[in-house]
Amino acid sequence: MVTLAEVAQHAGVSASTVSYVLSGKRSISATTRQRVEQSIRELGYHPNAGARALASSRSNIIALMIPLRTDMYVPVMMEIAIAVATTARTHGYDVLLLTGEEGPDAVRRVTGSGLADAMILMDVQLDDERLPLLRGTDQPSVLIGLPADTTGLTCVDLDFKATGALCVEHLAMLGHRDIAVIGEAPAVYERHTGFAERTLDGLRLRSQELGMRLLHRPCEGGYDAMAVTLARILDERPGTTGFVVQNESAVEPLLALLRQQGRAVPEDVSVVAVCPDQVAVQASVRLTSVSIPAQEMGRHAVEQLVAKLDGRGSDEVVLIAPELTIRASTGPAPSQS
């Protein structure tokens, strides 16, 4: 294993000069810095993480708080996490994954222990209990999600309110007047999870503006739960011809149940989903959908955080505009006989 002393000998400088180049604590001439960096590359030197942290007061670690709940679609969460990890690595940071449902305690653990230089928080609720702690610490943080009050925070998210509106507009353009929203599990709304609440806000507001009737029913997902939810919807609103689905585990059960009832997609009913492209294109009917830009969200979050760590960032909200891809699951509303 190559040592710092061997790098110094190779570069023709003192060991302290190599240390200053690594830590950035003193100004070193460009020529000397380049010579040291070339020796580091040629010898394959990797500074000891613990020693580097002591020397620079930095751990070069980003804490990613991603509670893995049974009522959330884990593949999307993990896609965001992978994007965070790969982007962080390009900036010289590793990622510490915190998956427990610890809430404020997890924030206290990171800020009080020096485990990480900064934090990225996911599964953000409208009135998230972690936010007062974030506002009260100097440690940089970014939210992947949008709370009700973004004052003093940096947030990155898909514009879910615009997403809901876009789904309604697409169905309205096709002539649908009665639409039903099959939402996430009830617990997601009980926690007031930001993305679900904002999508619903967009759906309701735009449908009201366009004079459409909208029914929202949460669903646990899975065939049995979807069967009960669909029966309730069609009992309450038998004229429903458009569905918006924001629940990946409900997609295929819904399509199967519609087939069993002799309701053809898209001739009799249209279905729009808010889901990853992989879910949309692999469904038994290729779904018109608004994609979840998981990789873009993860990348933006890290870039905002690194800018803060470098003293360049400021508190801001970055909302990614939704894009709707039309596939085989939506068509003109059937004529009323």
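As recorded in an unreviewed UniProt entry, the protein goes by LacI family transcriptional regulator and comes from Streptomyces muensis.

Engineer: So what exactly am I meant to see when it comes to the overall build of the protein here?
Structural biologist: Across its full length, the protein carries 14 helices and 12 strands. In terms of principal-axis extent, the alpha carbons of the protein reach across some 90 × 40 × 35 Å. Looking at the protein as a whole, 50% of its 337 residues qualify as buried. Excluding contacts between residues fewer than 6 apart, the proportion of contacts in the protein whose partners are at least 24 apart in sequence is 70%. Taken together, the 30 basic and 40 acidic charged side chains of the protein have centroids lying 4 Å from each other.

Engineer: Looking at this structure, I do not really get the pattern of salt bridges. What am I missing?
Structural biologist: Should the charged atoms of two oppositely charged side chains come close, the side chains can pair. Enumeration according to the criterion identifies 14 salt bridges in this entry. Its salt-bridge partner being D94, residue R89 comes within 2.8 Å of it at the nearest N-O pair. Assessed through its relative accessible area of 45%, R89 is described here as partly exposed. Connected through salt bridges with shared partners, the residues E169, R206 and E209 form a single ionic network.

Engineer: How should I be thinking about the domain arrangement of the protein in this particular structure?
Structural biologist: In many reports, interface size means the accessible area that the parts give up when they come together. In terms of domains, the protein is made up of domain 1 (4-47), domain 2 (61-158 + 294-320) and domain 3 (160-292). The gap between the C-alpha centroids of domain 1 and domain 2 is 33 Å.

Engineer: For this particular structure, what's the right way to read the environment of D157?
Structural biologist: Inspection of the secondary structure puts D157 in strand β5 (residues 155-158). By relative accessible area, which is 3% here, D157 ends up buried. Once residues lying within four places of it in the same chain are set aside, the contact partners of D157 are G145, L146, M297, V318, L319 and I320.

Engineer: What is the right way to read the sheet that holds strand β4 (residues 141-144) from this model?
Structural biologist: Note: strands within a sheet are paired through backbone hydrogen bonds, in either parallel or antiparallel orientation. A sheet is described by the order of its strands in space; here six strands give the open sequence β2-β1-β3-β4-β5-β11, paired in parallel fashion. At either end of the open sheet lies a strand with only one pairing partner, and these are β2 (94-98) and β11 (317-320). Geometrically, the sheet is characterised by an average inter-axis angle of 20° between neighbouring strands, direction not taken into account. In the sheet, strand β3 (residues 118-121) pairs with β4 via three bridges, with the strands oriented parallel. The residue of β4 that forms the bridge with I120 is V142. This element, helix α14 (residues 294-309), spans β1 (61-65), β3, β4, β5 and β11 of the sheet and lies at about 165° to β4.

Engineer: Please explain the pairing of β1 as it appears in this structure.
Structural biologist: One face of the sheet, then the other: side chains in a regular strand alternate in exactly this way. Within β1, four of the five residues are buried, leaving the element largely enclosed by the surrounding structure. Relative to β2, β1 runs parallel, the two sharing five bridges. Within β2, the residue paired with A63 across the bridge is L96. Each parallel crossover has a hand, and for β1 linked through helix α5 (residues 74-90) to β2 it is right-handed. Bridge count between β1 and β3: four bridges; the pairing is parallel. Within β3, the residue paired with I62 across the bridge is A118.

Engineer: Got a minute to help me understand the nonpolar core in this structure?
Structural biologist: One recurring pattern in soluble globular proteins is that nonpolar side chains are buried together. Counting residues in hydrophobic clusters, the biggest one holds 48 residues, and the most contacted among them are I80, I120, I144 and L203. When residues in this core are grouped by element, the largest group, seven residues, is from α14. Filtering out sequence-adjacent residues up to four positions away, I144 remains in contact with I80, V84, I120, L121, M122, D123, V124, V156, M297, G298 and A301. Ranked by size, the runner-up nonpolar core spans 26 residues in total, among them M226, L234, L258 and V285.

Engineer: Looking at this structure, how should I read the packing of helix α11 (residues 223-236) against helix α12 (residues 248-260)?
Structural biologist: For the pair α11 and α12, the least separation of the axes is 9 Å and the interaxial angle reads 55°. Considered as vectors, α11 and α12 are oriented oblique to each other. Along this stretch, α11 crosses α12, giving a crossing that reads as right-handed. Residues Y223, M226, A227 and L230 of α11 form the contact with α12, whose own contacting residues are A250, P253, L254, L257, L258 and Q260. By residue class, the composition of the contact of α11 with α12 is nine nonpolar, one polar and no charged.

Calculation notes
- Residues numbered from 1 in each chain as written.
- Predicted model: local features only at pLDDT ≥ 70, side-chain atom pairs only at ≥ 80, totals over all residues.
- Heavy atoms only, no water.
- Helix = DSSP H or I, 4+ residues; strand = E, 2+ residues; numbered from the N terminus.
- Buried < 20%, exposed > 50% of the residue type's maximum accessible area, 1.4 Å probe, protein only.
- Contact = heavy atoms within 4.5 Å.
- Lys, Arg positive; Asp, Glu negative; His and termini not counted.
- Charge placed at Lys NZ, Arg CZ, Asp CG, Glu CD.
- Salt bridge = Lys/Arg side-chain N within 4 Å of Asp/Glu carboxyl O.
- Domains from an automatic or database assignment.
- Pairing = 2+ DSSP bridges.
- Axes fitted to C-alpha atoms, helices over the stretch in contact; angles between N-to-C directions.
- Right-handed = clockwise from strand over helix to strand, strands pointing away.
- Core = buried A, V, L, I, M, F, W, Y, C linked by side-chain atoms within 4.5 Å.
- Parallel < 35°, antiparallel > 145°, perpendicular 65-115°, else oblique.
- Left-handed = near helix turned anticlockwise from the far one by under 90°.
- Nonpolar A, V, L, I, M, F, W, Y, C, P; charged D, E, K, R; others polar.

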